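# Descriptive structure summary
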Amino acid sequence: MAQRGNPIPTKLKQDAIVEALFEVRFDTPTTAIPEIFLGRLADYQPWKSLEQRRMPASQFPAPLRQVDPNLRYQPLIELASVAKDRSVRIGSQVLSYHRLKPYVGWEKFKAEILEAVDGLFAKAPGLGIRRLGLRYMNALRADVHTIKSISDLDLTLTIAGDNVPGNVNVNFTVDVSNNTQCTVRIATSEFVQGDLPPNTSLYVDVDVFTKDDFRTMDQNVVTNWIEFAHSKEKEQFFRLLPQATIELLKEI
């Protein structure tokens, strides 16, 4: 684990990030027309070069999406770059911004997230934010990150006193502030859907999100939370790595 008092690395020589995303769920004013709202965001200047496509949830009628909690926050359209390295997914009550590998670094990703927040507040005055989330999905590789199994993490998983060294799929959630939690998932590759880099030994998903009672209409609250959530995401990720591994992997 990153030892107390030692700074968390700004960057690794080769990061493990396969996807990073920011999600905001919200309520729009009752007078807002969903189709017009989606059109305004799709026409947002920074995203005009992105290709548009419909998402599966768009096939369901709006009244059904509204009453079904499994559909309410599903995106209806996706705006994706030709290079397939970033995308924006938008629904009538949700917006998420995705960065795929190769990761561009926090400063650029943060700027893009803030740009998305600016567009959302500009195109939908009076919206109420009900959930924020910042999530990083990582593929730790034996040949790059020296992590061959869960035994190489600063983590002990036991059943009846015996260590569990093999295939795993575990989750734990911790409070990181009064209004924010973080769920960490650690899994071996057979439990993960989607493409992972060759030699992936462990998948580590760190998801920082606001609690159910979170509400705000203040854009400054959202932007301040983003920086806070990123710091907590890094803490939770690096606390899994032994200090010797951190020293080996960090960029000097």
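Shown above is the structure to which this text applies.
As a starting point, this report considers the structure included with it. (Residues numbered from 1 in each chain as written. Predicted model: local features only at pLDDT ≥ 70, side-chain atom pairs only at ≥ 80, totals over all residues. Heavy atoms only, no water.)

Counting its regular elements, the protein chain contains six helices and 11 strands. Since a compact globule built from 252 residues should have a radius of gyration of about 18 Å, the 19 Å found for the protein chain is in line with a globular shape. Dimensions of the protein chain, computed from the C-alpha atoms along their principal axes, are close to 55 × 40 × 35 Å. Counting every position in the protein chain, which comprises 252 residues, the buried fraction comes to 46%. Restricting to contacts in the protein chain with at least 6 residues of sequence separation, those with at least 24 account for 68%. Accessible surface, the protein chain as shown: approximately 13,200 Å² in total, 50% of it carbon and sulfur. (Helix = DSSP H or I, 4+ residues; strand = E, 2+ residues; numbered from the N terminus. Rg over C-alpha atoms; globule rule 2.2 N^0.38 Å. Buried < 20%, exposed > 50% of the residue type's maximum accessible area, 1.4 Å probe, protein only. Contact = heavy atoms within 4.5 Å. Areas by Shrake-Rupley, 256 points an atom, 1.4 Å probe, with all protein chains shown as cover.)

To continue, consider the sheet that holds strand 6 (residues 128-141). Across the sheet, which stays open at both edges, the nine strands sit in the order 2-3-4-5-1-6-11-10-9 with antiparallel pairing between neighbours. Edge positions in the open sheet fall to strand 2 (51-54) and strand 9 (169-175), since each of these has one partner strand only. Between one strand axis and the next, the sheet turns by 15° as a mean value, whatever way the strands run. Pairing of strand 3 (residues 77-80) with strand 4 (residues 86-90) involves four bridges; the strand directions are antiparallel. Looking at strand 4, one finds that Leu79 is bridged to Val88. (Pairing = 2+ DSSP bridges. Axes fitted to C-alpha atoms, helices over the stretch in contact; angles between N-to-C directions.)

Counted under the stated rule, the structure contains 15 salt bridges. Between Arg53 and Glu78 there is a salt bridge, with its nearest N and O atoms 2.6 Å apart. You can see Arg53 sitting in strand 2 and its partner Glu78 sitting in strand 3, a full 25 residues away along the chain. Taking the relative accessible area as the measure of exposure, Arg53 reaches 45% and is therefore partly exposed. Looking at Glu78, the relative accessible area reads 8%, which means it is buried. A single network of salt bridges, built from pairs that share partners, joins Asp85, Arg99, Lys108 and Glu112. (Salt bridge = Lys/Arg side-chain N within 4 Å of Asp/Glu carboxyl O.)

Time to look at the packing of helix 3 (residues 106-123) against helix 5 (residues 219-238). When two helices pack together, you describe them by how their axes are tilted relative to each other and by the distance separating the axes. Packing of helix 3 against helix 5 leaves a shortest axis separation of 11 Å and a crossing angle of 155°. Taken together, the axes of helix 3 and helix 5 are roughly antiparallel relative to one another. Two packed elements cross with a definite hand, and for helix 3 against helix 5 that hand is right-handed. Two secondary-structure elements touch here, helix 3 through Trp106, Lys110, Ile113, Leu114, Val117, Asp118 and Phe121 and helix 5 through Gln219, Val222, Thr223, Ile226, Glu227 and His230. Its residues placed into classes, the contact of helix 3 with helix 5 shows seven nonpolar, three polar and three charged. (Parallel < 35°, antiparallel > 145°, perpendicular 65-115°, else oblique. Left-handed = near helix turned anticlockwise from the far one by under 90°. Nonpolar A, V, L, I, M, F, W, Y, C, P; charged D, E, K, R; others polar.)

In terms of nonpolar packing, the biggest core is built from 60 residues, with Phe22, Trp47, Ile90, Leu95, Phe109, Ile129 and Leu134 touching the most fellow members. Ranked by residue count, the leading element in this core is helix 3, at seven residues. (Core = buried A, V, L, I, M, F, W, Y, C linked by side-chain atoms within 4.5 Å.)

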